Amino acid sequence: GQQVMQIPQYQHVQEGEDFTTYCNSSTTLSNIQWYKQRPGGHPVFLIQLVKSGEVKKQKRLTFQFGEAKKNSSLHITATQTTDVGTYFCAGPGSGGSNYKLTFGKGTLLTVNP
Amino acid sequence: DSGVTQTPKHLITATGQRVTLRCSPRSGDLSVYWYQQSLDQGLQFLIQYYNGEERAKGNILERFSAQQFPDLHSELNLSSLELGDSALYFCASSSRLASYEQYFGPGTRLTVT
């Protein structure tokens with residue numbers, strides 16, 4: 001079945017440093033979603049990417065969708081303590097199961113103030 | 001606050017028992033999704049209902065079942081519980097049948113002893 005892999009599993013940074021997490025799919029994706037889960041919280045939708053090569057920005061966050069639509073990345077510039085949490089990418093299921101989302105294992109970001 | 005409510009917040013029960021988790025979607029949302037989150041498996045899609053009908057199934061065990069009622073709230077029933085069923089169970093909702101922008105509830109933490 002479809003697999004969505006994320007690296008790194010953990011990332012610890014000093015406040016002000018940049019952070020990037022990468023997502024790779026075993027199959028071509030029609031779209032990809034990014035979610036953030038704060039410690040003790042629930043996943044919160046951040047963004048959806050649909051087009052090949054698409055780049056979207058939300059303040060200090062930059063999201064990219066690869067040209068082949070099999071990979072994506074999330075880059076945070078100048079991290080803040082409020083960025084702490086686990087960042088998940090998620091792709092739709094393939095074939096008849098395209099209503100479901102397959103989540104990567106996530107990247108846990110910790111920020112040292 | 002996502003607008004999705006889940007009860008109870010915490011549940012502690014013994015192996016072999018049966019429990020029911022409840023979810024109320026955001027006002028107007030017709031789709032309800034159930035997810036299981038554990039440390040080793042990550043966030044796993046279980047099942048989706050749309051306007052009362054089952055529309056997608058993921059890695060849901062036969063001991064688990066769900067339904068969505070006419071008022072659109074949903075229940076996830078877990079029976080013959082095993083230690084390995086201990087996890088966070090999230091409900092999410094969306095307005096459309098196939099929407100990857102999903103709004104997650106606060107979750108129910110199930111502990112099986």
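Look up a bit, the structure's there.
Residues numbered from 1 in each chain as written. Chains lettered and ligands numbered in written order. Predicted model: local features only at pLDDT ≥ 70, side-chain atom pairs only at ≥ 80, totals over all residues. Heavy atoms only, no water.

**Looking at the nonpolar core**
Logical step 1: With 20 residues, the main nonpolar core has B:Trp34, B:Leu76, B:Leu78 and B:Tyr89 as its most contacted residues.
Logical step 2: Going through the elements one at a time, strand 3 (19-24), strand 4 (31-38), strand 5 (42-50), strand 7 (64-68), strand 8 (74-78), strand 9 (87-94) and strand 11 (108-112) of chain B are the ones with two or more residues in this core.
Logical step 3: Apart from the residues lying within four places of it in its own chain, the contact partners of B:Tyr89 are B:Gln6, B:Leu21, B:Tyr35, B:Gln36, B:Leu46, B:Phe64, B:Leu76, B:Leu78, B:Gly107, B:Thr108 and B:Leu110.
Logical step 4: Of all hydrophobic cores here, the second largest spans 19 residues; its members include A:Val13, A:Phe63, A:Phe65 and A:Leu109. (Core = buried A, V, L, I, M, F, W, Y, C linked by side-chain atoms within 4.5 Å. Buried < 20%, exposed > 50% of the residue type's maximum accessible area, 1.4 Å probe, protein only. Helix = DSSP H or I, 4+ residues; strand = E, 2+ residues; numbered from the N terminus. Contact = heavy atoms within 4.5 Å.)

**Digging into the side chain of A:Lys36**
Residue and element names in this part refer to chain A.
Logical step 1: Assignment of secondary structure puts Lys36 in strand 4 (residues 32-37).
Logical step 2: Buried charge Lys36 goes without a salt bridge, the closest partner of opposite sign being Asp83 at 4.8 Å.
Logical step 3: Polar contacts involving the side chain of Lys36 include one to the main-chain carbonyl oxygen of Thr82, which spans 2.8 Å.
Logical step 4: When near neighbours in sequence (up to four residues on either side) are disregarded, Lys36 contacts His42, Pro43, Val44, Leu46, Thr82, Asp83, Val84, Thr86 and Tyr87. (Lys, Arg positive; Asp, Glu negative; His and termini not counted. Salt bridge = Lys/Arg side-chain N within 4 Å of Asp/Glu carboxyl O. Polar contact = N/O pair within 3.5 Å; in protein donor to acceptor, adjacent residues only side chain to side chain.)

**Topic: the state of the cysteines**
Logical step 1: Under the defined criterion, the tally for this structure stands at two disulfides over all chains.
Logical step 2: Disulfide pairing places A:Cys23 opposite A:Cys89 at an S-S distance of 2.0 Å. As the torsion about the S-S bond is roughly 75°, the A:Cys23-A:Cys89 disulfide counts as right-handed. In this pair, A:Cys23 is assigned in strand 3 (residues 19-25) and A:Cys89 in strand 9 (residues 85-92), connecting sequence segments 66 residues apart.
Logical step 3: Two residues share a disulfide in this structure: B:Cys23 and B:Cys91, whose sulfurs sit 1.8 Å from each other. Disulfide B:Cys23 to B:Cys91: torsion about the S-S bond roughly -45°, handedness left-handed. (Disulfide = S-S within 2.5 Å.)

**Some remarks on the pattern of salt bridges**
Should their charged atoms come close, side chains of opposite charge can pair.
Residues and elements named next belong to chain A.
Logical step 1: Counted under the stated rule, the structure contains five salt bridges over all chains.
Logical step 2: With its nearest N and O atoms 3.8 Å apart, the salt bridge here joins Glu54 to Lys56.
Logical step 3: Residue classification places Glu54 among the buried residues on the basis of a relative accessible area of 15%.
Logical step 4: Judged by its relative accessible area of 32%, Lys56 falls in the partly exposed class.

In short, geometric facts, not functional conclusions.
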